Amino acid sequence: GTTVLTVSSSDWAPELLEVELSAGMEPLDITLKLGKIVRIRVVDLQGKPIEGARISIAKWRGYDTLNDSGNGQKTNADGLFEVPNAPADEIRYTVWKKGYFSTTDDAEPSFAPREEPHEISLLPEAVISGRVVDKPALFETGGRIFRIRCTPSKVRMIERKRTTLERGVAEKRV
């Protein structure tokens, strides 16, 4: 059957091959190329650098075979992060930091090497709150009324799963 083979080295760009495995197949010759540098700068909405944002590789060429290559590395005080020995083509990244929305599957940025840094703006987390006004017993007992599920593009309140109230108020940081 077909398998995905990723070869990587700390001194060279990785290479990915889709290989049809078969009994008695010839050995594979794989040539690694010199790597390039991908520079990423993470900022807030005002353009200020975000120190300590984590950046990890999400997908490369449609596969997550590089996901253990420097995953979760942090940006420096200038919001900068470098991926040394990157391949020449684009890699998708996930970026996150407590207090901000992280990038999601449908909004993961893809970057290829270039001289100037790529810039990612993270949105600050939001606070969503609700107050129970028609169920006094819930107010007194700290009952559970709803769950809030959030993604950067939408917020949904779902009745089946519940969030605990404190003094009749539910609050969720997203």
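Provided above is the structure to which this section pertains.
So, a few notes on the structure that sits alongside this text. (Residues numbered from 1 in each chain as written. Predicted model: local features only at pLDDT ≥ 70, side-chain atom pairs only at ≥ 80, totals over all residues. Heavy atoms only, no water.)

### Observations regarding the overall build of the protein chain
Point 1. Summing up its helical and strand segments, the protein chain has one helix and 13 strands in all.
Point 2. Listed N to C, the secondary structure of the protein chain is β-β-β-β-β-β-β-β-β-β-α-β-β-β in terms of helices and strands.
Point 3. By residue count, 29% of the 174 residues in the protein chain fall in the buried class.
Point 4. Within the protein chain, counting contacts between residues at least 6 apart in sequence, those at least 24 apart form 55% of the total.
Point 5. Split by element, the accessible area of the protein chain, about 11,200 Å² in all, is 48% carbon and sulfur. (Helix = DSSP H or I, 4+ residues; strand = E, 2+ residues; numbered from the N terminus. Buried < 20%, exposed > 50% of the residue type's maximum accessible area, 1.4 Å probe, protein only. Contact = heavy atoms within 4.5 Å. Areas by Shrake-Rupley, 256 points an atom, 1.4 Å probe, with all protein chains shown as cover.)

### Things to note about the environment of Val83
Point 1. With respect to the helices, strands and loops of the structure, Val83 is situated in strand β6 (residues 80-86).
Point 2. Overall, Val83 belongs to the buried group, its relative accessible area being 11%.
Point 3. Separated by 46 residues in sequence, Val83 and Ile37 place their C-alpha atoms 5.6 Å apart.
Point 4. In this view, Val83 contacts Lys36, Ile37, Val38 and Tyr93; residues no more than four positions away in its chain are not counted.

### Considerations on unusual backbone geometry
Point 1. The phi dihedral of Arg61 is positive, around 55 degrees, even though this residue is not glycine.
Point 2. Examined against the element boundaries, Arg61 turns out to sit in the loop between β4 (54-60) and β5 (73-74).
Point 3. We note that Asn85 has phi near 55 degrees; this positive angle belongs to a residue other than glycine.
Point 4. Tracing the chain through its elements places Asn85 in strand β6.

### Re the sheet that holds β6
Point 1. The strand order across the open sheet built from three strands is β6-β3-β9, with neighbouring strands paired in mixed fashion. In this open sheet, the two edge strands, each paired with only one partner strand, are β6 and β9 (118-121). Each adjacent strand pair in this sheet contributes to an overall mean axis angle of 25 degrees, direction not counted.
Point 2. In this structure, strand β3 (residues 36-43) lies alongside β6, joined through five bridges in antiparallel fashion. Bridging from a neighbouring strand, Val38 pairs with Val83 of β6. (Pairing = 2+ DSSP bridges. Axes fitted to C-alpha atoms, helices over the stretch in contact; angles between N-to-C directions.)

### Section: the pairing of β4
Point 1. Counting buried residues in β4 gives five out of seven residues, a clear majority hidden from the surface.
Point 2. One ladder, built from two bridges, connects β4 with β5; its direction is antiparallel. Paired with Arg54 across the strands is Lys74, a residue of β5.

### Points about the nonpolar core
Point 1. With 19 residues, the main nonpolar core has Val38, Ile40, Val42, Ile55, Tyr93 and Val95 as its most contacted residues.
Point 2. Of all the secondary structure elements, the ones that give two or more residues to this core are β3, β4, β6 and β7 (91-96).
Point 3. When neighbours within four sequence positions are excluded, Val38 is seen to be in contact with Phe81, Glu82, Val83, Ala86, Tyr93, Phe111, Ala112, Pro113 and His118. (Core = buried A, V, L, I, M, F, W, Y, C linked by side-chain atoms within 4.5 Å.)

### A short note on a nonpolar patch on the surface
Point 1. On the surface, Leu5, Leu21, Met25 and Leu28 cluster together to form a nonpolar patch covering roughly 310 Å² of accessible area.
Point 2. Among the structural elements, Met25 can be located in the loop between β2 (12-20) and β3. (Patch = residues over 30% accessible without salt bridge, like charges linked within 9 Å, V, L, I, M, F, W, Y side chains within 5 Å. Salt bridge = Lys/Arg side-chain N within 4 Å of Asp/Glu carboxyl O.)

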